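Chain by chain, the residues run as shown.
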Protein chains: 2
Amino acid sequence: MPRPTKIAPERGDARARLLEAATDLIRIHGFSATTVDDICRRAQTTKGAFFHHFATKDAIGVAAADNWQRTTTAFFEAASYHDPADPLDRVLGYVEFRRSIIAGAIPEFTCLVGTMVGEVHHDRPEIRDACAASIFGHAATLEADIAAAMTARGVDGGWSAAGLARHIQGVIQGAFVLAKAADDPDMARESLDHLDRYLVLLLRPAAGSAA
Amino acid sequence: MPRPTKIAPERGDARARLLEAATDLIRIHGFSATTVDDICRRAQTTKGAFFHHFATKDAIGVAAADNWQRTTTAFFEAASYHDPADPLDRVLGYVEFRRSIIAGAIPEFTCLVGTMVGEVHHDRPEIRDACAASIFGHAATLEADIAAAMTARGVDGGWSAAGLARHIQGVIQGAFVLAKAADDPDMARESLDHLDRYLVLLLRPAAGSAA
DNA sequence: ATCTATACCGACCAGATGGTATGCGCGCAA
DNA sequence: TTGCGCGCATACCATCTGGTCGGTATAGAT
């Protein structure tokens with residue numbers, strides 16, 4: 001999830017800067033612990049600008065989740081794990097890609113919407129729903145490849161491609177929780193390795209059938 | 001995670017009531033959004049009592065995590081998934097047990113320390129470490145059974161019993177994130193079903209070898 | 001040139017927040 | 001019975017919080 005380098009404030013830019021600042025700060029401190037003043041300071045704007053663009057603090061939470069969905073959608077669409085001809089390779093490529101972008105400090109690779117929804121799910125339903133749209137919308141992008149891999153293998157274990165896609169997102173979110181707790185990105189990588197193993201066991205056609 | 005019914009305040013009880021109130025409120029609202037006054041109100045005490053027992057708000061976060069570890073340890077030790085003779089059955093029984101206690105409203109079955117650590121990992125290292133001790137200490141209780149099941153099956157895929165135990169905790173934490181996002185406990189159950197399937201594929205001796 | 005809509009500024013506010021200072025009653029040892 | 005420490009209550013405080021409001025600057029339409 002690379003971020004553009006800081007640019008000097010320019011007229012018409014404040015909304016985007018506020019959104020970026022909010023995203024960064026919420027990933028570091030969480031939603032509740034991030035104050036409007038903090039966001040303004042980091043965005044190099046004032047409260048006047050903030051409340052011109054966002055009616056409430058909650059509103060920037062919703063907007064940040066929406067923005068997260070847009071940017072991550074573009075980011076994953078551009079990735080090369082879609083290239084392989086075999087649908088299972090595309091699914092495994094996705095997991096490998098997720099693994100490869102676990103790098104740097106923890107707030108740099110963890111998920112904005114996963115962090116937010118854990119905190120605000122009960123009190124701020126609008127933010128929760130925006131986070132859910134991002135998570136489950138992203139999960140849905142895996143469905144077709146999973147379904148194709150299921151067909152290729154001929155599996156039917158009473159579970160769905162959509163459900164497995166959701167589970168994959170769950171494992172990734174859980175991996176981030178472990179990394180935060182241990183303060184160690186390796187915890188997340190380890191979990192993604194197990195996820196990869198699961199998908200292979202579940203979806204790889206039996207050995208010898210292709211040789 | 002059953003909770004005792006509310007009792008009228010009694011002298012000498014305040015600390016325990018504060019801890020229980022903090023636990024409940026943090027599970028609902030998160031750590032930052034839970035105020036000291038909220039905790040006191042729910043515990044039917046005053047700020048005087050609060051700061052008599054806890055030096056700071058952070059201190060009750062640490063104490064709540066420690067208390068969580070103690071109570072959950074006792075809770076899981078008493079469960080019957082330890083009974084089967086086959087170690088794999090004990091591991092699968094654990095997952096089934098975790099699945100069975102997903103019931104009621106979301107804050108009633110989600111994990112205090114998982115919720116807290118996602119929020120405060122960066123700013124409150126003492127709370128983070130207390131949460132980590134709870135999560136990874138609990139994971140460690142699965143290690144022996146996993147190792148025994150690995151031996152029985154004779155697996156060696158370059159991963160460890162400890163790592164798989166951590167992954168199991170990760171999947172459970174991720175399942176809670178999904179349930180919060182979708183506002184639906186079924187999301188968590190679905191993920192635990194996949195976890196069960198993974199463990200069977202990974203650790204069940206090949207079919208026919210026992211019949 | 002003027003009008004208007006939008007972007008933005010910065011002082012201000014009421015209430016909340018974590019934390020403190022002080023006092024008071026109960027149990028217990030001397 | 002007195003003295004003392006512990007558990008807890010009440011009143012209070014400095015600071016921070018989200019949010020408001022009047023005002024200014026700029027760009028484009030007429």
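Everything quoted here is computed from the prediction, not taken from an experiment.

Of the residues lining the interface, 45 residues belong to chain A; the matching set on chain B comes to 46 residues. Of the roughly 3900 Å² buried at the junction of chain A and chain B (both faces included), carbon and sulfur atoms supply 65%. Note that Arg128(B) is salt-bridged to Asp183(A), the shortest N-O span being 3.6 Å. Inspection of the region where chain A meets chain B yields twelve residue pairs in polar contact (both at pLDDT 80 or more). Counting residues per element, the ones that place at least two in the side of chain A that touches chain B are helix H1 (14-29), helix H6 (106-109), helix H7 (112-120), helix H8 (125-153), helix H9 (161-182) and helix H10 (185-203) of chain A. Top element by residues in the side of chain A that touches chain B is H9(A). It accounts for 13 residues. Taken together, the residues of the side of chain A that touches chain B break down into 20 nonpolar, 16 polar and nine charged.

Turning our attention to the relation of the copies chain A and chain B. You can overlay chain A on chain B at an RMSD of 0.0 Å; the transform is a turn of 180 degrees with a shift of 0.0 Å along its axis. What we have between these two chains is a two-fold relation. No C-alpha of chain A lies nearer the rotation axis than that of Gly174(A), which sits 1.8 Å from it. The share of interface residues of chain A whose copies in chain B are also at the interface is 100%, consistent with both copies meeting through the same surface.

All names here are of chain A. By the element assignment, Thr 34 lies in the loop between H1 and helix H2 (36-43). With a relative accessible area of 1%, Thr 34 lands in the buried category. One polar contact links the side chain of Thr 34 to the main-chain carbonyl oxygen of Gly 30, over a distance of 2.6 Å. Ignoring sequence-local partners within four residues, the contact set of Thr 34 consists of Leu 25, Ile 26, His 29, Ile 39 and Lys 57.

Before going further, it helps to examine the protein's contact with DNA strand D. Around DNA strand D there are 18 residues in total, and Val36(A), Lys47(A), Lys57(A), Gly12(B) and His53(B) lie nearest to it. Protein-adjacent atoms of DNA strand D, using a 4 Å cutoff, are sugar or phosphate at a proportion of 54%. Lys47(A) is positioned such that a nitrogen or oxygen atom in its side chain is 2.9 Å from a base nitrogen of DNA strand D. His53(B) places a side-chain nitrogen or oxygen 2.5 Å from a phosphate oxygen of DNA strand D.

Let us look at the protein's contact with DNA strand C. Taken together, 18 residues surround DNA strand C, and among them Gly12(A), Gly48(A), His53(A), Lys47(B) and Lys57(B) come closest. A share of 51% of the atoms of DNA strand C within 4 Å of the protein falls on sugar and phosphate groups. In this structure, a phosphate oxygen belonging to DNA strand C sits 3.5 Å away from a main-chain N or O atom of Ala14(A). Between DNA strand C and His52(A) there is a distance of 3.0 Å, counted from a phosphate oxygen to a side-chain nitrogen or oxygen. Secondary structure elements with two or more residues in the surface near DNA strand C: helix H3 (47-53) of chain A together with helix H3 (47-53) of chain B. Ranked by residues supplied to the surface near DNA strand C, first place goes to H3(A) with four residues. Looking at the surface near DNA strand C residue by residue, the classes come out as four nonpolar, nine polar and five charged.

Right, let's get into the confidence of the model for chain A. Parts of the model with low pLDDT should not have their predicted coordinates read in detail. Per-residue pLDDT for chain A has a mean of 94; in total, 93% of the residues score no lower than 70. Predicted confidence is poor over residues 1-6 of chain A, with pLDDT under 50, and the contacts of this stretch with residues over four places away or in other chains come to 15 contacts.

Running from N to C, H9(A) and helix H10 (residues 185-203) of chain B point in directions that differ by 90 degrees, and their axes come no closer than 9 Å. In terms of axis orientation, H9(A) runs roughly perpendicular to H10(B). On H10(B), the residues that touch Gly163(A), Leu164(A), Arg166(A) and His167(A) of H9(A) are Met187(B), Glu190(B), Ser191(B), His194(B) and Leu195(B). Looking at the contact of H9(A) with H10(B) residue by residue, the class counts come to three nonpolar, four polar and two charged.

What follows concerns helix H9 (residues 161-182) of chain B. Counting along an α-helix, one turn takes 3.6 residues, and residues three or four places apart therefore face a common direction. Taking 1.5 Å per residue as the helical rise, H9(B) with its 22 residues ought to reach 32 Å, and the 32 Å between its terminal C-alpha atoms agrees with that figure. Taking burial as the measure, the 22 residues of H9(B) include 20 buried ones, the bulk of the element.

Counting across every chain of the model gives 19 aromatic pairs over all chains. Where Phe76(A) meets Phe97(A), the ring centres are 5.8 Å apart and the plane angle is 85 degrees; that geometry is what we call edge-to-face. Separated by 21 residues along the polypeptide, Phe76(A) in helix H4 (residues 57-77) and Phe97(A) in helix H5 (residues 87-100) bring together distant segments of the chain. Here Phe76(A) falls in the buried class, since its relative accessible area comes to 5%. Ring centres of Tyr198(A) and Tyr198(B) lie 5.6 Å apart, and the angle between their planes is 65 degrees; on these two criteria the pair is classed as edge-to-face.

Glancing now at the pattern of salt bridges. The final tally for this structure, using the stated rule, is 20 salt bridges over all chains. Ionic pairing is found between Arg99(A) and Asp193(A), a salt bridge with its closest N-O pair at 2.7 Å. Taken together, the residues Arg99(A) in helix H5 and Asp193(A) in helix H10 connect sequence positions 94 residues apart. Linking Arg41(B) and Asp38(B) is a salt bridge whose minimum nitrogen-to-oxygen distance equals 3.4 Å. With Arg41(B) and Asp38(B) both in helix H2 (residues 36-43), this residue pair falls three residues apart, about one helical turn.

Rules and cut-offs
- Residues numbered from 1 in each chain as written.
- Chains lettered and ligands numbered in written order.
- Predicted model: local features only at pLDDT ≥ 70, side-chain atom pairs only at ≥ 80, totals over all residues.
- Heavy atoms only, no water.
- Contact = heavy atoms within 4.5 Å.
- Buried area = accessible area lost by both parts, 1.4 Å probe.
- Salt bridge = Lys/Arg side-chain N within 4 Å of Asp/Glu carboxyl O.
- Polar contact = N/O pair within 3.5 Å; in protein donor to acceptor, adjacent residues only side chain to side chain.
- Helix = DSSP H or I, 4+ residues; strand = E, 2+ residues; numbered from the N terminus.
- Nonpolar A, V, L, I, M, F, W, Y, C, P; charged D, E, K, R; others polar.
- Least-squares fit on C-alpha atoms with pLDDT ≥ 70 in both.
- Buried < 20%, exposed > 50% of the residue type's maximum accessible area, 1.4 Å probe, protein only.
- Near = heavy atom within 4 Å.
- pLDDT = per-residue confidence, 0-100.
- Axes fitted to C-alpha atoms, helices over the stretch in contact; angles between N-to-C directions.
- Parallel < 35°, antiparallel > 145°, perpendicular 65-115°, else oblique.
- Expected span 1.5 Å × (residues − 1).
- Phe/Tyr/Trp six-rings, centres within 6.5 Å; stacked < 30°, edge-to-face > 60°.

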